[in-house]
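Given next are the chains, with one letter for each unit.
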Amino acid sequence: CELQKDKLVRTEIGDNNDDCQVSWPPDKTLVLVVDDTASKRKILCQMLQNLKLHVLVAEDGVQAVKSVKEFEASGSNVHIICMDNIMPNMSGLEASKELRSLGCTSIIIGITGNALADDVKSFIEAGADLVLSNPLQFPTLTRF
């Protein structure tokens, strides 16, 4: 990917170190939102578009893997993948493992309603760079 993890810039907004936001290269960052629930996809897409990011969607892990392969074959890159875990056909864990085994270097953000330590650990072990719990809030997306 053109945008690597170390290219995400945390910008301090105040004296509180927790009060940060992420600076994204404008008009360059492509995010793939993967979720089987249409309402969750729509909400997350709106939040990401408010951050001036370009957004694509997939309804399950199979579509996600296919989309990433197609983009890479065309010479383009998906920079960030927001991956739900529990989906039909292929879970987020399975899709993350598959993408990593194919050499995908996109930033994978696992999204799960199961935020127990073991669930987070499983997502990280599958290849996620970060795990966020549902329901996502807009401020959460600007603080990782």
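The shown structure was predicted, so the numbers you read here are calculated from the model rather than taken from an experiment.

Caption draft 1: Summary view of the packing of helix H3 (residues 92–101) against helix H4 (residues 117–126). At a minimum axis distance of 8 Å, the contact between H3 and H4 shows a crossing angle of 25 degrees. If you check the angle between H3 and H4, you find them roughly parallel. On the side of H3, the interface is formed by Gly92, Leu93, Ser96, Lys97 and Arg100, while H4 contributes Ser122, Phe123 and Ala126. Counted by class, the contact of H3 with H4 contains 3 nonpolar, 3 polar and 2 charged residues.

Caption draft 2: Up close: the packing of helix H2 (residues 61–73) against H3. With their axes 9 Å apart at the nearest point, H2 and H3 run at an angle of 20 degrees to one another. Of the possible angle classes, the one that applies to H2 and H3 is roughly parallel. Along this stretch, H2 crosses H3, giving a crossing that reads as right-handed. Contact residues: H2 offers Gly61, Val65 and Val68, while H3 offers Ala95, Glu98 and Leu99.

Caption draft 3: Structural context of the pairing of strand S5 (residues 80–84). Burial of S5 is extensive: 5 of the 5 residues sit out of reach of the surface. Of the two faces of S5, the one carrying Ile80, Cys82 and Asp84 and the one carrying Ile81 and Met83 are both buried. The pairing of S5 with strand S6 (residues 107–112) spans 5 bridges and is parallel. Residue pairing in the sheet places Cys82 in a bridge with Ile109 of S6.

Caption draft 4: Expanded view of the sheet that holds strand S4 (residues 54–58). Sheet architecture is open: 5 strands sit in the order S4-S3-S5-S6-S7, paired in parallel fashion. Sheet topology places S4 and strand S7 (130–133) at the edges, where each strand pairs with a single neighbour. On average, adjacent strands in this sheet sit at an angle of 20 degrees to one another, irrespective of strand direction. Running over the sheet, H3 touches S5 and S6 and is turned about 150 degrees from S5. Lying on the sheet, H4 is in contact with S5, S6 and S7; it crosses S7 at an angle near 145 degrees.

Caption draft 5: Structural detail: the confidence of the model for the protein chain. A residue-level look at the protein chain finds 76% of positions with pLDDT of 70 or above and a mean pLDDT of 79. Mean pLDDT in the protein chain bottoms out at strand S1 (residues 9–12), which sits at 30, and peaks at H3, which reaches 97. A low-confidence stretch, residues 1–24 (pLDDT under 50), is modelled with 53 contacts involving residues beyond four sequence positions or located in other chains.

About the cut-offs
Residues numbered from 1 in each chain as written. Predicted model: local features only at pLDDT ≥ 70, side-chain atom pairs only at ≥ 80, totals over all residues. Heavy atoms only, no water. Axes fitted to C-alpha atoms, helices over the stretch in contact; angles between N-to-C directions. Helix = DSSP H or I, 4+ residues; strand = E, 2+ residues; numbered from the N terminus. Parallel < 35°, antiparallel > 145°, perpendicular 65-115°, else oblique. Contact = heavy atoms within 4.5 Å. Nonpolar A, V, L, I, M, F, W, Y, C, P; charged D, E, K, R; others polar. Left-handed = near helix turned anticlockwise from the far one by under 90°. Buried < 20%, exposed > 50% of the residue type's maximum accessible area, 1.4 Å probe, protein only. Pairing = 2+ DSSP bridges. pLDDT = per-residue confidence, 0-100.

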